[in-house]
Amino acid sequence: TSQEPPSKEIDSKELPSILRDDNISEETNKLISSLPSHKDTGGLKLCKYQGCWYSYNTLQGVLNFQSGFHPQDTDIILASYPKSDATWLKALTVALLEKSMNRSTSDPHHPIQYANPHGVVPCLEMDVYHESSSPHLDKFSATPRLNVKDTLVSWWLFGNAILKTKPTRSDLQSQFESFYNGTIYYGPFWEHLLSYWLRSLEDPKHVLFMRYEEMKSEPRDQIKRLAEFLGCPFNKQEEESGLVDEVLELYSLGNLRSLEVKKTRKRNDVNHMDYGKKGEVGDSKNYLTPEMEKKIDMIIQEKLQGFGLKF
């Protein structure tokens, strides 16, 4: 078994607000004292609540969401494990819904033309419910993933970007151990996969399970599948006029990155440009050792065995 990686101290003031522990209620503080806890490789304090590891401020947002959110039949929830390229799916979802309202992709008032996808489709526990269980939702009128090893590397690079530290092999090794043990922020990874996979089998009308690899290899089929699920399918005229390709081009990963670079806004004290990455399936081979890759393959096979979900 893998041992818990050593933690290091970090100044909480250097962390994005959602990763700190300075915005929790007395009730939440009492709850945290009763939960399993540990420090991750960067010294971030995490606690395990309902099978998932959260920072303290993030847990407050989760609790606010659980107590205050009342879903409606028209709600669309995009659920994704962090650093699994939800940015792309958010942009495509917005584009499809705007299409259903006859708004052209070239319209200067199109949301993605002037706002980051994370601003248009905010994270419920991090952006909407992080301070209150009853936020205003009036302005807010499914699950992609990368290869698990790519997600791990993306986490590692993202963490260094927001902390403004230089990526090192020792930090990657520590991140790998936390990922493998399931004690990483929002971990364990496989619990996220299984929960949405099983739910999509039980209720395919309301839960759509999407694979990042398939979005990359067959984008036309996948965006049409997403459009059908959202209730705004492409009609024959739109397909013949090239609208499918137009949407895919406008909201491609490359174009989204070029748009984000021009924006100076932040989300939870993190620059929007730090959320971008190459998004290349298999890029993890440039960072992980063969032993790391083998161990990840083994743990994922063990956890997913018998559920019909394969990589």
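Refer to the structure printed above.
The rules behind each value
Residues numbered from 1 in each chain as written. Predicted model: local features only at pLDDT ≥ 70, side-chain atom pairs only at ≥ 80, totals over all residues. Heavy atoms only, no water. Salt bridge = Lys/Arg side-chain N within 4 Å of Asp/Glu carboxyl O. Helix = DSSP H or I, 4+ residues; strand = E, 2+ residues; numbered from the N terminus. Buried < 20%, exposed > 50% of the residue type's maximum accessible area, 1.4 Å probe, protein only. Phe/Tyr/Trp six-rings, centres within 6.5 Å; stacked < 30°, edge-to-face > 60°. Lys NZ or Arg CZ within 6 Å of the ring centre and 35° of its normal. Expected span 1.5 Å × (residues − 1).

**Student:** Account for the pattern of salt bridges, with residues named and values stated.
**Tutor:** Across all of its chains, the model carries 9 salt bridges by this definition. One salt bridge in this structure joins Glu 202 and Arg 199, with 3.2 Å as the shortest N-O distance. One end of the pair, Glu 202, and the other, Arg 199, are both in helix H9 (residues 189–202), 3 residues apart, so they sit about a helical turn from each other. With a relative accessible area of 57%, Glu 202 lands in the exposed category.

**Student:** Residues and numbers for the packing of aromatic side chains, please.
**Tutor:** Tallied over the full model, the rule gives 11 aromatic pairs. Plain terms: the ring middles of Tyr 54 and Tyr 186 are 5.4 Å apart, the flat faces sit at 80° to each other, and that makes the pair edge-to-face. With relative accessibility at 6%, the residue Tyr 186 sits in the buried group. Arranged with centres 6.3 Å apart and planes meeting at 90°, the rings of Phe 69 and Tyr 129 form a pair that is edge-to-face. Here Phe 69 is found in the loop between helix H2 (56–68) and helix H3 (86–100), whereas its partner Tyr 129 is found in the loop between helix H6 (124–128) and helix H7 (148–163), with 60 residues between them in sequence. By the ring-pair criterion, three or more aromatic residues cluster together here, those being Tyr 54, Tyr 185 and Tyr 186. The lysine or arginine in question, Lys 295, covers the ring of Tyr 180, its NZ or CZ lying 4.8 Å from the ring centre.

**Student:** Just give me the short version of helix H8 (residues 169–181), but keep the residues and values in it.
**Tutor:** Taking 1.5 Å per residue, 13 residues should reach 18 Å; H8 reaches 18 Å between its end C-alpha atoms and fits that length. Taken as a whole, H8 has its buried residues at Leu 172, Ser 174, Gln 175, Phe 176, Glu 177, Ser 178 and Phe 179. Backbone geometry just after H8 places Gly 182 at a positive phi near 85°.

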